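Descriptive structure summary
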Amino acid sequence: MQDDYQKGASEGGRTEDRRVSRRGFLKMGALTGAALGMGGALSGVLGACGSDDGGSSGGEGGGREIKIGFVTPLTGPLASFGIPDAWCVKQWEAAVAGGLECGDGQVHPIKFIVKDTQSDTNRAAQVTGDLITNDGCDIIMAASTADTVPPVADQCEAMQVPCVTNDCPWQAYFFGRGGDPEVGFEWTYHSWWGLEGITATFVSMWDSMQTNKKVAEMWPNDGDGLAWADEKTGQPPVLKAGGYTIIDGGRYQDLTEDYSPQIAKFKAADAEILSGVMLPPDFTNFWKQSLQQGFNPPIATVGKALLFPQSLEALGDIGYNLSSECWWSPNHPFESSLSGQTCKEIADQYETDNDAQWTQPILHYAIFEVVADALKRTTNVDDKALIRDAVAATDMQTIGGRVVWGSPDKKLNPVPNVCTTPITGGQWVKGEKYPYDLVVVNNSQAAEVPTQGDLQPIEF
């Protein structure tokens, strides 16, 4: 059986020449995807022992094989999000190597089938349909931005298959799909922070420094950008309530080459803070042009683009003291429900296994924590409605904190099908083992996560 994964464990390593061109950055993503196809350790379809026959027995006294689809961007401009996914799948596979005992009392072999979206929204929907129709998956998992998660969830909702996702602001997941807070969805469940939380974190970070409170915003014309810019459910209400003035760069197209119009607008407005949500290669291009054209804000807190050490290494020495959201780190005080490891132990294992620096999307690991827990409570795995009901009844601790969808706490469950998770503020500083280290500098929205320093201005 074919799958798009076939990934080795060598991705994510440091580059020797840290000043990577924008074309080189995109090429790096493509090469990462190519590397995925060469790993013999993770052959075509990943899973515990069992035949390819979805209805086959897992052995004497065992239950049938359960197929779990995972949709993620392994290539293209979002490939940085997929870097740790091969490793996550190996950890999932190890956790259920002997099968998973479900609520029916039988031990079921688990098979993971992973599909690459190629960073394309339409392909995300297409491969999800393939996983359901052709591969016969019992449940779907997905991660990585509003370009991946909503189309996957929409397809699952339409085809009545349970779906568990993370790594997409909940407003983009819920309102971006036309969700009604009075109704919600039937088959799809999501856990992630919201734009109210990340913006409050950013405001708290910026309040720690003296500025003119003028924020240059780079919100693109994509799923994330439209959600972040929304006047009602996005960042603007929180920014305005905090006394900040928005200088909007407009809904530019992803992979734009020339940002001179936005830079000129920001300079004319004397903006002292840069923010927004950008693709990693777009920020690399934008930031280099900004410095060349004399836009040198003392604070730059940009979502999505600055999550990854690879993004900072692509900037070379002009990346120090850039800041971003931090939704997972070795510093987070949580443990795995699968292995019992702490976040630090998980990060350390990742670095040892891959000879590469830890990266935030390791938190994709938590999706299968939820799925495994739900399957353990499912009394008939042949009934997708029962799997869905088990997911809906989830209340557990993961490496990303508590996941629950039945709480009366509106901060935890602001709308149906959504559970919020901790969000902190991070800043990239000069590293010891690696060129850059990400340290937590603000925990105003997640007091359980200790801080490691205070926000420092960018030095030019």
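Residues numbered from 1 in each chain as written. Predicted model: local features only at pLDDT ≥ 70, side-chain atom pairs only at ≥ 80, totals over all residues. Heavy atoms only, no water.

**Quick notes on helix α4 (residues 149–159)**
- Those residues of α4 that fall on the buried side of the exposure criterion are Val149, Pro150, Pro151, Val152, Ala153 and Cys156.
- One or two steps after α4, the chain reaches glutamine 160, where phi turns positive at roughly 55 degrees. (Buried < 20%, exposed > 50% of the residue type's maximum accessible area, 1.4 Å probe, protein only. Helix = DSSP H or I, 4+ residues; strand = E, 2+ residues; numbered from the N terminus.)

**Notes on the nonpolar core**
- Within the largest apolar cluster, 119 residues are counted, with the highest numbers of intra-cluster contacts made by Ile68, Leu274, Phe283 and Trp328.
- Among the elements that make up this core, the one with the highest residue count is helix α13 (residues 365–376) (nine residues).
- Not counting the four nearest positions on each side in its chain, leucine 274 is found in contact with Ala216, Met218, Phe283, Phe286, Trp287, Phe295, Pro297, Ile299, Ala300, Thr301 and Val302.
- Grouped together as the second largest cluster of nonpolar side chains are 13 residues, Ile113, Val127, Ala142 and Cys163 included. (Core = buried A, V, L, I, M, F, W, Y, C linked by side-chain atoms within 4.5 Å. Contact = heavy atoms within 4.5 Å.)

**Quick look at the packing of aromatic side chains**
- For the structure on display, the rule yields 24 aromatic pairs.
- Relative to phenylalanine 175, the ring of tryptophan 170 lies with its centre 5.8 Å away and its plane at 45 degrees, an arrangement referred to as tilted.
- Given a relative accessible area of 7%, tryptophan 170 falls into the buried group.
- With a centroid separation of 6.1 Å and an interplanar angle of 35 degrees, the aromatic rings of tryptophan 192 and tryptophan 193 are classed as tilted.
- Under the relative-accessibility criterion, tryptophan 192 is labelled buried at 1%.
- Grouped by ring-pair contacts, the aromatic residues Trp170, Tyr173, Phe174, Phe175 and Phe185 constitute a single cluster.
- Between the NZ or CZ atom of arginine 177 and the centre of the ring of tyrosine 173, over which it lies, the distance is 4.8 Å.
- Geometry around phenylalanine 185 places arginine 177 over its ring, the cationic atom sitting 3.8 Å from the centre. (Phe/Tyr/Trp six-rings, centres within 6.5 Å; stacked < 30°, edge-to-face > 60°. Lys NZ or Arg CZ within 6 Å of the ring centre and 35° of its normal.)

**Here's the deal with the environment of lysine 344**
- Of note, lysine 344 is situated in helix α12 (residues 343–354).
- We classify lysine 344 as partly exposed; its relative accessible area is 46%.
- Once the C-alpha coordinates of lysine 344 and histidine 332 are considered, the two residues, twelve residues apart in sequence, prove to be 7.7 Å apart.

**Re the side chain of glutamine 235**
- Within the element layout of this structure, glutamine 235 appears in the loop between α7 (223–229) and α8 (236–241).
- Separated by 3.2 Å, the side chains of glutamine 235 and tryptophan 219 make a polar contact.
- Not counting the four nearest positions on each side in its chain, glutamine 235 is found in contact with Ile198, Thr199, Phe202, Glu217, Trp219, Trp228 and Asp230. (Polar contact = N/O pair within 3.5 Å; in protein donor to acceptor, adjacent residues only side chain to side chain.)

**A short note on the environment of threonine 75**
- In this fold, threonine 75 is placed in the loop between β2 (66–72) and α2 (85–95).
- The buried category is assigned to threonine 75, whose relative accessible area is 17%.

**A closer look at α13**
- In this model α13 runs 17 Å from its N-terminal to its C-terminal C-alpha over twelve residues, within 8% of the 16 Å that 1.5 Å per residue would give.
- Here α13 lies mainly inside the structure; ten of its twelve residues are buried.
- Three or more residues of α13 are buried, namely Tyr365, Ala366, Ile367, Phe368, Glu369, Val370, Val371, Ala372, Ala374 and Leu375. (Expected span 1.5 Å × (residues − 1).)

**Comments concerning the pairing of strand β5 (residues 110–116)**
- With seven of seven residues buried, β5 lies mostly within the body of the structure.
- Of the two faces of β5, the one carrying Ile110, Phe112, Val114 and Asp116 and the one carrying Lys111, Ile113 and Lys115 are both buried.
- As judged from the seven bridges shared by β2 and β5, these two strands associate in the parallel manner. Bridge pairing in β5 links isoleucine 66 to isoleucine 110. (Pairing = 2+ DSSP bridges.)

Geometric descriptors of this kind do not, in isolation, establish any biological role.
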